[in-house]
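# Residue-level structure breakdown
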Amino acid sequence: MDGLTRDRVRVAVPGPLRRLWSYSVPSGLRDACRPGTRVLVPFGGRKVTGVVVGFDSEAPTESDPAYTIKPVERVLDEVPALDTELLELTRWAAEYYGASWGEMIRTALPGQQATLRLEVALTVAGRQALGPGVEAISANDTRTGSQDEGGDLFAAAGRRDSVPEALAAVLLAAGSEGRFVALGEIRRRARFELAPDRARALARRGYLAVRQAVDRPGPEAREEAWVVRLPGEAEPGARGSRQKAVLAALDAAPDGLAAAALRQATGGDAATLRSLERRGLIRMEKRAAALRLPPSLESATTLAETALPRVLTAPQSEALAAVDEALAARRFESFLLFGVTGSGKTEVYLRAVEAALKIGRGALYLVPEIGLTPLLARQMRDRFGPTLALFHSGLTEGERQDAWREVREGRVRVVLGARSAVFAPVRDLGLVVVDEEHDTSYKQDEHPRYSGRDLAIVRARGQGAVALLGSATPSVESWSRARSGKHRLLPLPGRVGGAALPRVLRVDMRREFQETGRDEVLSRPLRAALEDRLGKGEQSLVLLNRRGFSTFAMCRACGKPIECRSCSIGLTLHRRENRLRCHYCNASERVPADCPSCGGGPIHFGGTGTERLEETVTSLFPRARVARMDRDTVRGRGVAERLLLRVERGEVDILLGTQMIAKGHDFPNVTLVGVVAGDALLGFPDFRAGERTFQLLAQVAGRSGRRATPGEVIVQAFDPDHHAVRAACNHDYEGFAREELRYRRNLHYPPYSALALLVFRDADFDRAREAAGRIAAGMRSAGQSDVQVLGPAPAPLERLRGQWRVQVLIKGAQRAAVQAAVQDATARIEAAGLRPDAVAIDVDPVSTL
Ligand code: ADP
Ligand code: ZN
């Protein structure tokens with residue numbers, strides 16, 4: 001790159017506008033200011049953290065707004081935060097998902113904003129005002145409107161119409177030294193909270209000058225002590241038992257152990273470690289705190305069998321060989337590993353990671369949610385030691401930053417994480433595993449709405465890497481890609497060791513009601529089966545995918561449901577907190593004594609959620625140890641992990657909960673799975689309702705009978721003959737997929753079409769509909785014949801968080817055409833001057849609610 005082109009750069013800033021901004025580079029920053037580095041730049045009167053995405057080679061002209069471009073203020077990274085590959089991936093993703101490059105980069109680099117502080121100094125006018133005539137400022141200043149917050153300030157803190165004495169003193173003192181004071185310093189020294197907005201208001205009135213300074217270029221790193229065994233022999237006999245325990249623990253951990261965990265496990269204290277270090281038997285070192293497992297996992301005992309090396313089964317070997325071959329050839333290839341739960345997919349993923357490491361390449365392992373896979377985290381820690389980093393939601397910003405740095409600098413070669421880990425800067429990426437590829441949590445449900453799974457494939461393609469997707473219940477899109485040869489199908493037929501798939505009993509709840517005349521939550525067969533397991537000391541899971549106590553609240557007199565004030569959705573009773581809660585916006589209200597609509601009638605709380613189910617189960621089986629797992633009981637760090645561990649250790653007889661209990665746990669002693677309302681999801685007006693239902697039932701059924709004891713599954717449904725329910729109960733994925741694909745083809749839904757959804761949102765329904773209509777009409781008039789523009793139409797979920805929602809659906813046979821239409825739509829939305837949050841752009845939506 002010649003010097004001429006390096007004096008200006010293009011910068012992506014984290015705002016909604018889909019364009020880049022040019023900045024000049026002061027000569028002192030030329031070397032540091034490279035593509036991928038974060039920079040602090042002036043932007044709209046403030047300073048923001050942007051990322052240099054390239055050099056700006058076009059010469060500025062006088063008509064070019066760039067003619068007056070401002071200089072980069074500061075370079076925040078020594079090593080670029082994003083390498084060329086990740087820059088390209090974020091650019092591609094931004095374009096594909098209808099976001100700005102800056103927004104996509106912000107998503108990829110979570111929490112890496114510089115922390116800024118506001119500093120102020122008195123101006124000449126300010127100094128004069130604080131001189132002898134201080135009291136006059138506010139009273140005599142005709143510009144002081146009563147709404148002006150700056151004016152307020154001068155009336156604050158006791159002395160009406162004057163600046164508090166302490167504040168004036170601090171400002172004057174700094175002024176006499178000719179320096180700016182940070183608001184934090186004012187807080188400390190004057191005990192006065194000068195809010196940033198007030199400072200800015202005073203600046204507008206000419207009393208203060210304000211500026212932003214960098215506090216920290218990014219979140220702080222956090223390191224902790226690790227202990228590594230050195231080769232030296234311990235002289236026999238001379239050592240205390242604690243020292244022996246420490247050495248023994250370290251002998252079993254070639255990569256070392258976190259000092260805290262080591263102390264806890266062996267009882268050795270700091271003195272023990274110092275003494276061993278002096279003798280040259282161990283070495284202490286600092287490592288990024290983020291490399292540690294969450295504490296709830298670190299202290300967990302690993303199930304003995306999980307660590308054992310194994311001989312692969314023939315289908316596992318074949319699958320691995322195919323992956324190995326592509327890896328070695330450095331060729332992009334995508335695979336779909338398809339096998340029922342318990343067929344040994346995890347072992348194939350882990351071996352594939354090992355294979356990548358062996359040839360010196362790195363690996364990414366994506367899971368829907370880390371907290372729900374503690375066993376996997378432990379297995380991976382056991383196998384990959386400190387070369388593994390976990391990107392989980394329990395990390396602080398600083399720890400995340402640390403983990404990022406360790407990965408970028410190549411000390412960590414394997415990353416385990418959820419969706420956003422797809423952006424982890426793994427060096428020479430050879431493999432991306434996408435476990436449970438069908439899981440909808442791979443799709444981000446807020447802007448930018450990207451799919452971690454699909455980006456994993458895009459990233460692998462760009463890197464000549466292998467994408468290894470796997471599931472017992474693949475999404476029908478991935479399945480159809482496997483059938484057309486875009487993914488290579490790697491089947492794992494049957495369970496490892498030949499464990500039988502569980503017997504599945506379908507219970508028709510209509511018949512159950514007719515025969516018993518009672519509206520019970522648990523059918524007779526399910527109650528009997530639970531009783532039986534309790535007697536044998538075996539464990540059971542009961543799934544009900546609806547949290548809360550009731551599922552609806554209705555007036556007995558007028559029949560009106562009680563709905564959320566800001567969403568078109570009924571409220572759910574949460575009895576423990578005794579409030580009605582909206583499951584979409586989480587707003588809650590007091591339980592009304594009488595109907596809010598008619599003022600009369602008692603309120604009826606109908607339907608059953610997990611909270612009521614827990615009550616029912618507890619009263620039916622008073623001696624059973626019952627635990628509930630849903631978003632209400634699992635809040636905060638490590639709660640899910642601890643609960644799962646209790647189940648694993650056999651401290652729970654019946655675990656009930658929402659779909660959280662259906663995810664890939666491997667509980668050896670669970671022999672019964674019950675499903676309450678197995679067809680509840682079918683009621684949703686969404687084209688994926690059947691697929692969701694099948695997946696949920698098949699996944700939860702797979703939790704049963706994973707060992708020698710055969711499992712049993714009991715599914716209660718009102719429509720037990722629906723093809724999704726029937727196929728799931730027969731363990732028949734292929735039958736389900738056949739039927740589902742036929743339905744999708746008839747209605748031109750994915751995979752037989754590509755979709756993009758635009759949701760226009762406004763507090764006023766007509767405004768939302770009008771905006772949607774204008775954009776849709778514009779798109780139609782552009783006359784793209786290869787896409788259909790459907791709508792505007794009210795969304796099935798009409799109102800959410802006080803906003804009306806109106807949809808426009810773009811449908812086309814080819815992704816490329818839909819892509820072009822999305823580009824066209826975003827340009828029109830920008831040109832129409834709609835607020836960026838007024839339209840949600842969802843490419844490849846997982847749901848059209
Ligand atoms: P999946 O991921 O398909 O649900 P897992 O990989 O969890 O299946 O395997 C199911 C069980 O079988 C686990 O307990 C695992 O340890 C065990 N297992 C996997 N592969 C083998 C093998 N080759 N030999 C013996 N046991 C195995
Ligand atoms: Zn609501």
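These numbers come from a predicted model, not from an experiment.

## Points about the coordination of the zinc ion (ligand 2)
Surrounding the zinc ion (ligand 2) are the protein donor atoms Cys564 (SG), Cys567 (SG), Cys582 (SG) and Cys585 (SG), which sit 2.3 Å from the metal. All donors to the zinc ion (ligand 2) come from one chain, and their sequence spacing reads C-x2-C-x14-C-x2-C. A residue pair is termed long-range when its members are at least 10 positions apart, and cysteine 564 in the loop between strand S21 (552–555) and strand S22 (572–574) and cysteine 585 in the loop between strand S23 (579–581) and strand S24 (588–590) qualify at 21 residues. Residue class for cysteine 564 comes out buried when judged on its relative accessible area of 6%.

## Comments concerning the site of ligand 1
The local shell around ligand 1 holds 17 residues, among which Arg310, Val311, Gln316, Gly342 and Thr346 are the closest. The separation between a nitrogen atom of ligand 1 and a polar side-chain atom of glutamine 316 is 2.8 Å. At 3.0 Å from an oxygen atom of ligand 1 is found a main-chain nitrogen or oxygen belonging to glycine 344. Its free accessible area being 560 Å², ligand 1 has 80% of it covered by the protein chains. Partitioned by chemical class, the residues of the shell around ligand 1 number four nonpolar, seven polar and six charged.

## A closer look at the pattern of salt bridges
In the structure shown here, the tally under the stated rule is 64 salt bridges. Between glutamate 409 and arginine 408 there is a salt bridge, with its nearest N and O atoms 3.8 Å apart. Its relative accessible area of 30% is what places glutamate 409 among the partly exposed residues. A salt bridge links aspartate 842 to lysine 443, with the nearest nitrogen and oxygen atoms 2.5 Å apart. Of this pair, aspartate 842 sits in strand S33 (residues 839–843) while lysine 443 is found in the loop between strand S16 (429–434) and helix H17 (452–463), placing the two residues 399 residues apart along the sequence. Note on accessibility: aspartate 842 and lysine 443 belong to one class, buried.

## What to know about the sheet that holds strand S30 (residues 754–762)
One open sheet accounts for four strands, arranged S31-S32-S30-S33; its pairing is antiparallel. Of all strands in the sheet, those with a lone pairing partner are strand S31 (787–800) and S33, marking the two edges. Shown here is a sheet whose adjacent strand axes are inclined to one another by a mean of 20 degrees, direction ignored. Pairing of S30 with strand S32 (residues 803–812), which is carried by nine bridges, proceeds in the antiparallel orientation. Pairing of arginine 761 across the sheet is with arginine 805, part of S32. The sheet strands contacting helix H27 (residues 815–831) are S30, S31, S32 and S33, and the helix crosses S30 at an angle near 20 degrees.

## Considerations on the pairing of strand S14 (residues 388–391)
Going residue by residue along S14, you find Leu388 and Leu390 tucked away on one face and Ala389 and Phe391 tucked away on the opposite face as well. In terms of strand pairing, S14 meets strand S15 (residues 414–417) through four bridges, oriented parallel. Note on S15: the bridge partner recorded for alanine 389 is valine 415.

## Details of helix H13 (residues 314–328)
Along its 15 residues, H13 runs 21 Å from first to last C-alpha, staying within 8% of the 21 Å computed at 1.5 Å per residue. The set of residues buried in H13 consists of Gln316, Ala319, Leu320, Ala322, Val323, Ala326 and Leu327. Burial along H13 is one-sided: seen end-on, the buried residues are contained in an arc of 155 degrees. Opposite its buried face, H13 presents the exposed residues Ala314, Glu318 and Ala328, each directed more than 90 degrees away. Tucked inside the fold, the buried residues of H13 contact strand S12 (333–339), helix H14 (345–358), S16, strand S17 (466–471) and strand S18 (488–492). Once H13 finishes, arginine 330 follows within two positions and takes phi at roughly 50 degrees, a positive value.

## As for helix H8 (residues 196–204)
Taken as a whole, H8 has its buried residues at Arg198, Ala199, Arg200, Ala201 and Leu202. Two residues or fewer after H8 comes glycine 206, characterised by a positive phi angle close to 90 degrees.

## Description of the sheet that holds S12
Pairing in this open sheet of seven strands is parallel, and the strands run S14-S15-S13-S16-S17-S12-S18 from one edge to the other. Among the strands making up the open sheet, the edge pair consists of S14 and S18. Strand-to-strand, the axes of this sheet are offset by a mean angle of 15 degrees, without reference to chain direction. Taken strand by strand, H13 contacts S12, S16, S17 and S18, and its axis lies near 155 degrees from that of S18.

## A few points about the packing of aromatic side chains
Evaluation of the coordinates by the stated rule reveals 13 aromatic pairs. For the pair phenylalanine 687 and tyrosine 749, a centre-to-centre distance of 4.4 Å together with 5 degrees between the ring planes defines the contact as stacked. With phenylalanine 687 in the loop between strand S28 (670–675) and helix H23 (689–701) and tyrosine 749 in the loop between helix H25 (733–746) and S30, this residue pair connects regions lying 62 residues apart in the sequence. Like phenylalanine 687, the residue tyrosine 749 is buried in the burial classification. Ring pairing ties together the aromatic residues Phe338, Trp479, Phe694, Tyr733 and Phe736, which thus form one cluster. Cation over ring: arginine 211 sits above phenylalanine 180, and NZ or CZ is 4.2 Å from the ring centre. The positively charged end of lysine 811 is found above the aromatic ring belonging to tyrosine 749, 4.4 Å away from the centroid.

## Notes on the packing of helix H26 (residues 765–781) against H27
One can describe the packing of H26 onto H27 by two numbers: an axis separation of 10 Å at closest approach and a directional angle of 130 degrees. Between H26 and H27, the interaxial angle falls into the category oblique. Relative to H27, H26 is oriented so that their crossing is right-handed. Here Ile775, Gly778 and Met779 of H26 lie close against H27, whose contacting residues are Ala821, Asp824, Ala825, Arg828 and Ile829. A class-by-class count of the residues in the contact of H26 with H27 yields five nonpolar, one polar and two charged.

Cut-offs and rules
- For every chain, the first residue of the written sequence is number 1, and numbering continues from 1 onward in sequence order.
- Working convention: letters from A go to chains and numbers from 1 go to ligands, in the order in which they are written.
- Owing to the predicted nature of the model, reporting of local features is limited to residues with pLDDT of at least 70; listing and counting of side-chain atom pairs is limited to 80 or more, with chain, interface and lining totals taken over all residues.
- Note that the side-chain values use all heavy atoms of the structure and ignore hydrogens as well as water.
- Counted as donors are the N, O and S atoms within 2.8 Å of the metal, or 3.2 Å for Na, K and Ca, while water is not among the atoms, so some sites may look incomplete.
- Per the convention used, a helix needs a DSSP run of H or I reaching at least four residues, while a strand needs a run of E reaching at least two, with both numbered from the N terminus.
- Burial classification: accessible surface area is computed with a 1.4 Å probe over protein chains only, and a residue below 20% of its type maximum counts as buried, one above 50% as exposed, and the rest as partly exposed.
- Residues are counted as near a molecule or strand when any one of their heavy atoms sits within 4 Å of it.
- As used in this structure description, the phrase polar contact means that two N or O atoms lie within 3.5 Å; if the pair is within protein, one of them must be able to donate a hydrogen and the other to accept it, and residues adjacent in sequence are counted only when both atoms belong to side chains.
- Areas reported as accessible are Shrake-Rupley estimates using a 1.4 Å probe. Residue values count occlusion only from the protein chains shown.
- Amino acids are sorted into nonpolar (Ala, Val, Leu, Ile, Met, Phe, Trp, Tyr, Cys and Pro), charged (Asp, Glu, Lys and Arg) and polar (every other residue, Gly among them).
- Here a salt bridge means any side-chain nitrogen of Lys or Arg lying within 4 Å of a carboxyl oxygen belonging to Asp or Glu.
- Paired strands are those between which DSSP finds at least two bridges.
- In this analysis an axis means a line fitted to C-alpha atoms, helices contributing only their contacting stretch, and an angle means the value between N-to-C directions, from 0 to 180 degrees.
- Throughout, a contact is declared for two residues whenever any of their heavy atoms are within 4.5 Å.
- Take the residue count of a helix, subtract one, and multiply by 1.5 Å to get its expected span.
- By arc we mean the arc of the directions from the helix axis to the C-beta atoms, nothing more.
- Pairing of aromatic rings covers Phe, Tyr and Trp, the last counted by its six-membered ring, and requires centre-to-centre distances within 6.5 Å; plane angles under 30 degrees mean stacked, over 60 mean edge-to-face, and any other angle means tilted.
- Charges are assigned to positions over rings by a cutoff of 6 Å between ring centre and Lys NZ or Arg CZ, combined with an angular limit of 35 degrees from the ring normal.
- Convention used here: angles under 35 degrees read as roughly parallel, angles over 145 as roughly antiparallel, angles from 65 to 115 as roughly perpendicular, and any remaining angle as oblique.
- Handedness of each helix crossing follows the sense of rotation of the near helix against the far helix: counterclockwise by less than a right angle gives left-handed, clockwise gives right-handed.

Scope: geometric values only; no functional claims are made or implied.
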